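# A structural walkthrough
One letter stands for each residue in the lines below.
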Amino acid sequence: MTDFNAILEPGMLVRHPDQPEWGTGQVQSNIGDKITVNFREMGKVVIDGKRVLLVLVNE
């Protein structure tokens, strides 16, 4: 799972595949397997890139 997540950079927009109610999130940082995302409806969340494959949003 970490291969795709490794390309995520600050500013990119993503969605959490298991939490659609969180809305679109903006990547804040991507260090190792920890991805910090600021979601519109949930706020700042640290995602374990080993367990969750985020979905890139093209808006």
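What you are looking at is a predicted structure, and each value in this text was computed from that prediction instead of being measured. (Residues numbered from 1 in each chain as written. Predicted model: local features only at pLDDT ≥ 70, side-chain atom pairs only at ≥ 80, totals over all residues. Heavy atoms only, no water.)

Okay, the overall build of the protein next. Helix and strand counts for the protein come out as one helix and five strands. Ordered by position from the N terminus, the helices and strands of the protein form the series α-β-β-β-β-β. By the compact-globule yardstick of 10 Å for 59 residues, the protein fits well, its C-alpha radius of gyration being 10 Å. Seen through its C-alpha atoms, the protein measures out along the principal axes to roughly 25 × 20 × 20 Å. Once local pairs closer than 6 in sequence are excluded, the contacts in the protein between residues at least 24 apart make up 39%. In the structure as shown, the protein presents an accessible area of about 3,800 Å², 49% of it carried by carbon and sulfur atoms. (Helix = DSSP H or I, 4+ residues; strand = E, 2+ residues; numbered from the N terminus. Rg over C-alpha atoms; globule rule 2.2 N^0.38 Å. Contact = heavy atoms within 4.5 Å. Areas by Shrake-Rupley, 256 points an atom, 1.4 Å probe, with all protein chains shown as cover.)

So, about the pattern of salt bridges. Tallying each qualifying case throughout the model produces one salt bridge. Among the ionic pairs, Lys50 bridges to Asp33, the shortest N-O distance being 3.8 Å. In this pair, Lys50 is assigned in the loop between strand S4 (43-48) and strand S5 (55-56) and Asp33 in the loop between strand S2 (25-31) and strand S3 (34-39), connecting sequence segments 17 residues apart. Residue Lys50 is classed as exposed on the basis of its relative accessible area, which comes to 57%. Relative accessible area serves as the criterion here: at 26%, Asp33 is assigned to the partly exposed category. (Salt bridge = Lys/Arg side-chain N within 4 Å of Asp/Glu carboxyl O. Buried < 20%, exposed > 50% of the residue type's maximum accessible area, 1.4 Å probe, protein only.)

What follows concerns the sheet that holds S4. If you walk across this open sheet you meet the five strands as S4-S3-S2-S1-S5, and the pairing is antiparallel. If you trace the sheet from one side to the other, it starts and ends with S4 and S5, each paired once. In the sheet, S2 pairs with S3 via six bridges, with the strands oriented antiparallel. Paired with Val27 across the two strands is Val37, which belongs to S3. (Pairing = 2+ DSSP bridges.)

What follows covers the side chain of His16. Among the secondary structure elements, His16 is positioned in the loop between strand S1 (13-15) and S2. Of the residues examined, His16 reaches a relative accessible area of 9% and is grouped as buried. A distance of 3.1 Å separates a polar atom in the side chain of His16 from the backbone nitrogen of Asp18. When neighbours within four sequence positions are excluded, His16 is seen to be in contact with Trp22, Phe39, Ile47, Val52 and Leu54. (Polar contact = N/O pair within 3.5 Å; in protein donor to acceptor, adjacent residues only side chain to side chain.)

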